[in-house]
Amino acid sequence: MDFTDSQLRRYARHIVLREVGGAGQAKLLDSSVLIVGAGGLGSPLLLYLAAAGVGTIGIADDDAVDLTNLQRQVAHGTSRIGMAKVESARRTVADINPEVKLVAYPAKVEAANVVELIADYDLVADGSDNFATRFLLNDACYFAKKPLVSAAVMRFDAQISTFRAFEPGDNPCYRCLFREPPPPGLVPSCSEGGVLGALAGAAGSIQATEVLKELLGIGESLSGYILIYEALAAVFQKIRVHRDADCPLCGAEPSITGIAPND
């Protein structure tokens, strides 16, 4: 594609990268990503994907900005308390990069709408804060053959992975690692257990990096690995994980064969 003078200046630091170049930047401008959750993880995802020039970004969240969000959800500000998060996100993205198309979905992601939501996107980034949504996105992306880049944070720890179980080879899905959601109350929410605000920024930024790598087809994918960051110890661990032959979704004899209306 032919870049405008403005685009050449905006994306100059990408274009000079041998692994990206003009062809890679053109690919980003033609790419689309759905972000689920406009919170602690979704905020840095939005900021960096918009700045990178990902052409179309969808954001799904049914919540409004609250004062308690502002310690970590950097896409929002004090003046936007009470505003729908997707509208706040739209305004932030418009200021960072007006060339990016932001599609807002002010709705909870659930079985009734997940297939339609992910259909038009090249990749899904999970920045949700609950297990039900994580498992739903894993299953839906598997059936739709969409790469899923997922992250989670709690207190001082974070984990990031990419799931491409629809591809042949040793590419596990989320259920290969965690068969089903834990019983209610076993794992505290962020509001109950707390989270270091800057940790959400670090994890979301790494997640954005993995999204860009997947879109560009560069580097080593995190498919088949979990990256764990222990902030208090300043330690990163990259752990190899494998496809589970008994996985109910992607195993040899799957028992999950679709997204049921009442999942």
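To be clear, the structure that these remarks concern was listed above.
Definitions and cut-offs
- Sequence order as written defines residue numbering, which begins from 1 separately in each chain.
- For this predicted model, a pLDDT threshold of at least 70 governs which residues receive local features, and a threshold of 80 or more governs which side-chain atom pairs are given and counted, while totals over whole chains, interfaces and linings are taken from all residues.
- The side-chain figures draw on all heavy atoms in the structure; neither hydrogens nor water molecules are used.
- Here's how the labels work: a residue is buried when its accessible area is under 20% of the maximum for its type, exposed when over 50%, partly exposed in between, all with a 1.4 Å probe on protein chains only.
- We count a stretch as a helix when DSSP gives it H or I for four or more residues in a row; a strand needs E for two or more, and each element gets its number in order from the N terminus.
- Contact criterion: two residues are considered in contact whenever any of their non-hydrogen atoms come within 4.5 Å of each other.
- A strand pair is defined by DSSP finding two or more bridges across the two strands.
- Axis angles are defined between N-to-C directions and span 0 to 180 degrees, where every axis is a line fitted to C-alpha atoms and, for a helix, only to the segment in contact.
- Only buried residues count toward a nonpolar core, which is a set of Ala, Val, Leu, Ile, Met, Phe, Trp, Tyr and Cys residues joined through side-chain atoms within 4.5 Å.
- Should a side-chain nitrogen of Lys or Arg be within 4 Å of a carboxyl oxygen of Asp or Glu, the pair is scored as a salt bridge.
- Left-handed describes a crossing in which the near helix is turned anticlockwise from the far one by less than a right angle; the clockwise case is right-handed.
- Expected span, for any helix, means 1.5 Å times one less than how many residues it has.
- Ring pairs shown here join Phe, Tyr and Trp side chains whose ring centres sit within 6.5 Å, with only the six-membered ring taken for Trp; geometry is labelled stacked below 30 degrees between planes, edge-to-face above 60, and tilted in between.
- The criterion is that NZ of a Lys, or CZ of an Arg, lies within 6 Å of the ring centre and within 35 degrees of the ring normal, and then a charge sits over that ring.

### A few points about helix α3 (residues 21-29)
Okay, step 1: Along α3, the positions that sit buried rather than exposed are Gly21, Gly24, Gln25, Ala26, Leu28 and Leu29.
Okay, step 2: Summarising the contacts, the buried residues of α3 are in contact with α1 (5-10), α2 (12-15), α4 (42-52) and α10 (197-216).

### Considering the sheet that holds strand β6 (residues 157-163)
Okay, step 1: Strands sit in the order β3-β2-β1-β4-β5-β6-β7-β8 across an open sheet of 8 strands; the sheet is mixed. Either end of the sheet is taken by a strand with one partner, and the two such strands are β3 (101-105) and β8 (235-240). In this sheet, adjacent strand axes meet at a mean angle of 15 degrees when their direction is disregarded.
Okay, step 2: As paired elements, strand β1 (residues 32-36) and strand β2 (residues 56-60) share 5 bridges and run parallel to each other. Residue pairing in the sheet places Val36 in a bridge with Ala60 of β2.
Okay, step 3: The strands that helix α5 (residues 85-96) touches are β2 and β3; relative to β3, the one it contacts most, it runs at about 175 degrees.

### Examining the environment of Gln159
Okay, step 1: On the secondary structure map, Gln159 appears in strand β6.
Okay, step 2: Along the primary structure Gln159 and Ser128 are separated by 31 residues, whereas in three dimensions their C-alpha atoms are 13 Å apart.
Okay, step 3: Here Gln159 is in contact with Ser150, Ala151, Ala152, Phe178, Ile226, Leu227 and Ile228, once residues within four sequence places are set aside.

### Examining the nonpolar core
Okay, step 1: In this structure, Val33, Ile35, Leu46, Leu49, Ile57 and Val211 are the most contacted members of the largest nonpolar core, which totals 27 residues.
Okay, step 2: Those elements that provide at least two residues to this core are β1, α4, β2, α5, β4 (123-126) and α10.
Okay, step 3: The next biggest cluster of nonpolar side chains, apart from the first, holds 18 residues, and it includes Val109, Tyr121, Phe135 and Leu148.

### As for the pattern of salt bridges
Okay, step 1: One pass over the full model with this rule turns up 11 salt bridges.
Okay, step 2: With a closest N to O distance of 2.8 Å, Arg175 and Asp139 form a salt bridge. In this pair, Arg175 sits in helix α8 (residues 174-177) while Asp139 sits in helix α7 (residues 131-144), placing the two residues 36 residues apart along the sequence. The pair Arg175 / Asp139 is uniform in exposure class, with both members buried.
Okay, step 3: Notably, a salt bridge pairs Asp244 with Arg179, separated by 2.4 Å at the nearest N-O pair. Taken together, the residues Asp244 in the segment after β8 and Arg179 in the loop between α8 and α9 (190-193) connect sequence positions 65 residues apart.
Okay, step 4: Salt bridges here are not isolated pairs; linked through shared partners, they connect Glu87, Arg90 and Arg91.

### Topic: the packing of α4 against α5
Okay, step 1: Across the interface, α4 lies against α5 with an axial gap of 9 Å and an inter-helix angle of 35 degrees. Our pair here, α4 against α5, has a crossing hand that is right-handed. Between α4 and α5, the residues in contact are Leu46, Leu47, Ala50 and Ala51 and Ala89, Thr92, Val93 and Ile96, respectively.

### Things to note about α10
Okay, step 1: In this model, α10 (20 residues) spans 29 Å end to end at C-alpha, consistent with the 28 Å of a helix rising 1.5 Å per residue.
Okay, step 2: In terms of residue burial, α10 counts as a mostly covered element, since 15 of its 20 residues are buried.
Okay, step 3: Directly beyond the C-terminal end of α10, a positive phi value near 70 degrees is found at Gly217.

### Some thoughts on the packing of aromatic side chains
Okay, step 1: Under the criterion given, the structure shown has 6 aromatic pairs.
Okay, step 2: With centroids separated by 6.5 Å and ring planes inclined at 75 degrees, the aromatic side chains of Tyr105 and Tyr121 adopt a geometry described as edge-to-face. Taken together, the residues Tyr105 in strand β3 and Tyr121 in the loop between α6 (114-118) and β4 connect sequence positions 16 residues apart.
Okay, step 3: By relative accessible area, which is 4% here, Tyr121 ends up buried.
Okay, step 4: Relative to Tyr174, the ring of Phe163 lies with its centre 5.8 Å away and its plane at 90 degrees, an arrangement referred to as edge-to-face. Separated by 11 residues along the polypeptide, Phe163 in strand β6 and Tyr174 in helix α8 bring together distant segments of the chain. Residues Phe163 and Tyr174 agree in their burial class; the two are buried.
Okay, step 5: These aromatic residues form a ring-pair network of at least three members: Phe135, Phe163, Tyr174 and Phe178.
Okay, step 6: Here the guanidinium or amino end of Arg134 rests over the ring plane of Phe131, the centre of that ring lying 4.9 Å away.
Okay, step 7: Between the NZ or CZ atom of Arg240 and the centre of the ring of Tyr225, over which it lies, the distance is 5.0 Å.

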